[in-house]
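The primary structure of each chain is shown beneath.
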Amino acid sequence: MNRPVIHTSVHVPVDDKQPGLSLFIFGQYFNRNESWAELAKPWVD
Amino acid sequence: MIEQFRRLRGYDPTPWLPTLDRFLYDFRRTLADLLASEHYGIIAKVAHENALILYRQALKDHRPMLGDGMTMRNATDMPIAALWTFGRAEGPRQPLIGDMKGVASVAHLYGQNLVVAESMTASMAPWAFAPKDLKRFIDLELVTG
């Protein structure tokens, strides 16, 4: 396996509606509103 | 098995056993062939005519009866498996391990050099995962094909 694709909604168009759009009850809530988002760069690069 | 079938279904299955060997195999083989050619094949043809690249799953979890995962994913540019999140106690769903190995086999056999996995899928668990929790799912993917 050499390409993981995170099961999440990448579409979070506005900043004043948090936590943003999700895929209903499914997937990671993996977006810029995650509490550790600011720290995630070394992990996702 | 014959006795149990008779008890549960109320008739003798013996006369019908030859149909399992021949007809059921042919019936499922036909479904598998048509899924590969008429669904995966046609969508791949239309996508490629429009310069699109396809990521496509096939059997995923508990659907091996649908057909031949190798053939279905042969018609895709990026064969993709799935690994859902799981608790440490229960471990990963075994069909998903099989799905990942299958997708790696497709890539090896048919020459796609990227092996893709829908990753870290959860349900009913908003904001429940830190990087420490997620790492082991990706680690498992990396070592499974």
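1. As for the overall build of chain A
From N to C terminus, chain A includes 1 helix and 1 strand. Seen through its C-alpha atoms, chain A measures out along the principal axes to roughly 35 × 25 × 15 Å. For chain A, the proportion of its 45 residues judged to be buried stands at 27%. Taking the contacts inside chain A whose residues are at least 6 apart along the sequence as the reference set, 3% of them involve residues at least 24 apart. Element-wise, carbon and sulfur atoms account for 59% of the exposed surface of chain A, whose accessible area totals about 3,200 Å². Taking the 4 positively charged and 5 negatively charged side chains of chain A as two groups, their mean positions are separated by 7 Å.

2. Here's the deal with the environment of B:E49
Take B:E49: it is sitting in helix α2 (residues 17–49). Between the alpha carbons of B:E49 and B:H39 there is a distance of 16 Å; along the sequence they are 10 residues apart.

3. Some details on the interface of chain A and chain B
Accessible area lost upon the coming together of the parts serves often as the stated size of an interface. Every contact between the two is made by 18 residues of chain A and, on the other side, 31 residues of chain B. Note on chain A versus chain B: buried area summed over both sides is about 2,200 Å², and carbon and sulfur give 66% of it. Taken as a group, A:M1, A:R3 and A:Q28 account for 35% of the area that chain A buries against chain B, more than any other trio of residues on that side. Across the contact surface, chain A and chain B share 0 salt bridges. Element by element, the count of residues in the side of chain A that touches chain B is highest for strand β1 (residues 3–6) of chain A, at 4 residues. Within the side of chain A that touches chain B, the residues separate by chemical class into 10 nonpolar, 6 polar and 2 charged. Across 4 bridges, β1(A) lies against strand β3 (residues 116–121) of chain B in parallel orientation. Bridging from a neighbouring strand, A:I6 pairs with B:S119 of β3(B).

4. A short note on helix α5 (residues 131–142) of chain B
Residue and element names in this part refer to chain B. Taking 1.5 Å per residue as the helical rise, α5 with its 12 residues ought to reach 16 Å, and the 16 Å between its terminal C-alpha atoms agrees with that figure. Of the residues making up α5, those classed as buried are L134, F137, I138, L140 and E141. The buried residues of α5 occupy an angular sector of 155° when the element is viewed end-on, so they sit on one face.

5. Some details on a nonpolar patch on the surface
Taken together, the side chains of A:V5, B:I53 and B:Y55 define a hydrophobic patch exposed on the protein surface, amounting to about 270 Å² of accessible area. One can find B:I53 in the loop between α2 and β1 (55–56).

6. Describing the pattern of salt bridges
All chains considered together, the criterion is met by 12 salt bridges over all chains. Here A:K17 makes a salt bridge to A:D16, at a shortest N to O gap of 4.0 Å. Here A:K17 and A:D16 have matching classes, each one exposed. Among the ionic pairs, B:D61 bridges to B:R93, the shortest N-O distance being 2.4 Å. Here B:D61 is found in the loop between β1 and α3 (69–74), whereas its partner B:R93 is found in the loop between β2 (78–84) and α4 (94–110), with 32 residues between them in sequence.

7. Some thoughts on the pairing of β3(B)
Each regular strand shows side chains that alternate between the opposite faces of the sheet. Residue and element names in this part refer to chain B. Burial analysis of β3 places 6 of its 6 residues in the buried class, the great majority of the element. Judged from the 5 bridges that link them, β2 and β3 form a sheet pairing that is parallel. Each bridged residue has a counterpart across the sheet, and for A82 the counterpart in β3 is E118.

About the thresholds
Think of each chain on its own: its residues are numbered from 1, step by step along the sequence as written. To label them, take the chains in the order written and letter them from A, then take the ligands in the order written and number them from 1. Only residues with pLDDT of at least 70 get local features here, since the model is predicted, and only at 80 or more are side-chain atom pairs given and counted; chain-wide, interface and lining totals rely on the full set of residues. The side-chain numbers reported here are obtained from all heavy atoms of the structure, hydrogens and water having been left aside. A run of DSSP states H or I qualifies as a helix once it reaches four residues; a run of E qualifies as a strand once it reaches two. Both are numbered from the N-terminal end. Think of it in three bands: with a 1.4 Å probe and only protein chains considered, a residue is buried below 20% of the maximum accessible area for its type, exposed above 50%, and partly exposed in between. By definition in these notes, contact holds between two residues if any of their heavy atoms fall within 4.5 Å. To be clear on the numbers: accessible area is Shrake-Rupley with a 1.4 Å probe, and residue cover counts the displayed protein chains and nothing else. Residues counted as positive are Lys and Arg, residues counted as negative are Asp and Glu, and His and the chain ends are not counted. The location of each charge is read from NZ of Lys, CZ of Arg, CG of Asp or CD of Glu. What counts as buried area is the accessible surface, traced by a 1.4 Å probe, that two parts surrender upon association, with contributions from both included. Salt bridges are defined by distance alone: a side-chain nitrogen of Lys or Arg within 4 Å of a carboxyl oxygen of Asp or Glu. When residues are grouped by polarity, Ala, Val, Leu, Ile, Met, Phe, Trp, Tyr, Cys and Pro land in nonpolar, Asp, Glu, Lys and Arg in charged, and all others, Gly among them, in polar. We treat two strands as partners when DSSP finds at least two bridges between them. Take the residue count of a helix, subtract one, and multiply by 1.5 Å to get its expected span. By construction, the arc corresponds to the directions joining the helix axis to the C-beta atoms. Here the term patch refers to residues with relative accessible area over 30% and no salt bridge, with like charges joined within 9 Å and nonpolar side chains (Val, Leu, Ile, Met, Phe, Trp, Tyr) within 5 Å.

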